[in-house]
Amino acid sequence: GTERALALAELCSAPVYIVHISCARALARLTEARARGQRAWGETCPQYLTLDQSALAGTAEDPWAGARYVCTPPLRDAANQAPLWRALAAGELQVVATDHCPFDDADRRRATDFTRIPNGLPGIETRLTLLYDGVRRGLLSPERWVEICCAAPARLFGLAPRKGSLTPGADADLVIWDPIRPVSLSHAALHMRVDYALYEGKTLRGGPRTVLSRGEIIVEDGVYRGGERRGRFLHRATGLPPASA
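**Examining the packing of helix α1 (residues 2-11) against helix α2 (residues 24-35)**
So, step 1. At a minimum axis separation of 9 Å, α1 and α2 run at an interaxial angle of 20 degrees. When the interaxial angle is binned, α1 and α2 end up roughly parallel. Our pair here, α1 against α2, has a crossing hand that is right-handed. Here α1 contributes T2, E3 and L6 to the contact with α2, which in turn contributes A26, R29, L30 and A33.
So, step 2. Of the residues that constitute the contact of α1 with α2, the class distribution is 4 nonpolar, 1 polar and 2 charged.

Here it is, written out as structure tokens:
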């Protein structure tokens, strides 16, 4: 599918952004296209860096637990994780993003067969911590972590320099990051509106201490301090930037 999309985009001289790259084979096609000078970019998601297809089997006590991990593309063999991490470090992948699909267990267990399981994983709250674990393990530099999680998405989707940069006139969206802060990825500790956690029982180090939005502190030590309805619609530029971006 990745190869086909790249070929069609190349024939039309159109830029293309490949979402949810999950395996080494798709990554190789993207790398080849960019080496030819094609205006192509790729993202992967936290689940493809940290989970593998064994999660779909569930557990002996609860085989249906595997339904929690149904996403598209599906989780792959664990051997695909190392190539994805290397590609992020080398700039061959440009973004780590995530849909956020907080379907409850009950939503998934109502399915009468596999095709009716609600598709997608909850992951918006855990994305930065999971990727920072790559920094702690020596897979990414801190600068590259910021680039793939924050700066590159803003630039590619026409929101820079207002978003994704620390420059005069930008929105002052800032996270003060504590690199040794213990972060529990269990359901009881998270704030996502979903009744389970993908990484139940796991604790990592590295999490936000303070979050500012447009210069205003909205989160302090895990407590939300912002007001209601403070979001603003953002107009963005159309089209993707040059291939070097």
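**Focus on the pairing of strand β6 (residues 216-220)**
So, step 1. Bridge count between strand β5 (residues 203-213) and β6: 4 bridges; the pairing is antiparallel. Counterpart to S213 in the pairing with β6 is E216.
So, step 2. Counted along the chain from β5 to the antiparallel partner β6, the turn is 2 residues long, and its residue R214 has a positive phi close to 50 degrees.
So, step 3. Two elements, β6 and strand β7 (residues 223-224), share 2 bridges in a ladder whose sense is antiparallel. Bridging from a neighbouring strand, V219 pairs with Y224 of β7.
So, step 4. If you look at the hairpin formed by β6 and β7, you'll find 2 residues sitting between the two strands, and D221 has a positive phi there, around 50 degrees.

**Focus: the sheet that holds β5**
Hydrogen bonds along the backbone pair up the strands of a sheet, which may run parallel or antiparallel.
So, step 1. Reading across the sheet, the 4 strands line up as β4-β5-β6-β7 and stay open at both edges, with antiparallel pairing between neighbours. Because the sheet does not close on itself, it has two edges, and the strands there are β4 (174-184) and β7.
So, step 2. Together, β4 and β5 form the strand contacts of helix α6 (residues 127-136), whose direction differs from that of β5 by roughly 125 degrees.

Rules and cut-offs
- For every chain, the first residue of the written sequence is number 1, and numbering continues from 1 along that sequence.
- Side-chain atom pairs in this predicted model are given and counted only at pLDDT of 80 or more, local residue features only at pLDDT of at least 70, and totals for whole chains, interfaces and linings cover all residues.
- The basis for every side-chain value is the complete set of non-hydrogen atoms in the structure, without hydrogens or water.
- Axis angles are defined between N-to-C directions and span 0 to 180 degrees, where every axis is a line fitted to C-alpha atoms and, for a helix, only to the segment in contact.
- Helix and strand assignments follow DSSP, with helices taken as H or I runs no shorter than four residues and strands as E runs no shorter than two, numbered in order from the N terminus.
- The labels follow the angle: roughly parallel below 35 degrees, roughly antiparallel above 145, roughly perpendicular from 65 to 115, and oblique for the rest.
- It is the rotation of the near helix from the far one that decides the hand of a crossing: anticlockwise by less than a right angle makes it left-handed, clockwise makes it right-handed.
- Whether two residues are in contact is decided by their heavy atoms: any pair within 4.5 Å suffices.
- When residue character is reported, Ala, Val, Leu, Ile, Met, Phe, Trp, Tyr, Cys and Pro are called nonpolar, Asp, Glu, Lys and Arg charged, and the others, Gly included, polar.
- Paired strands are those between which DSSP finds at least two bridges.

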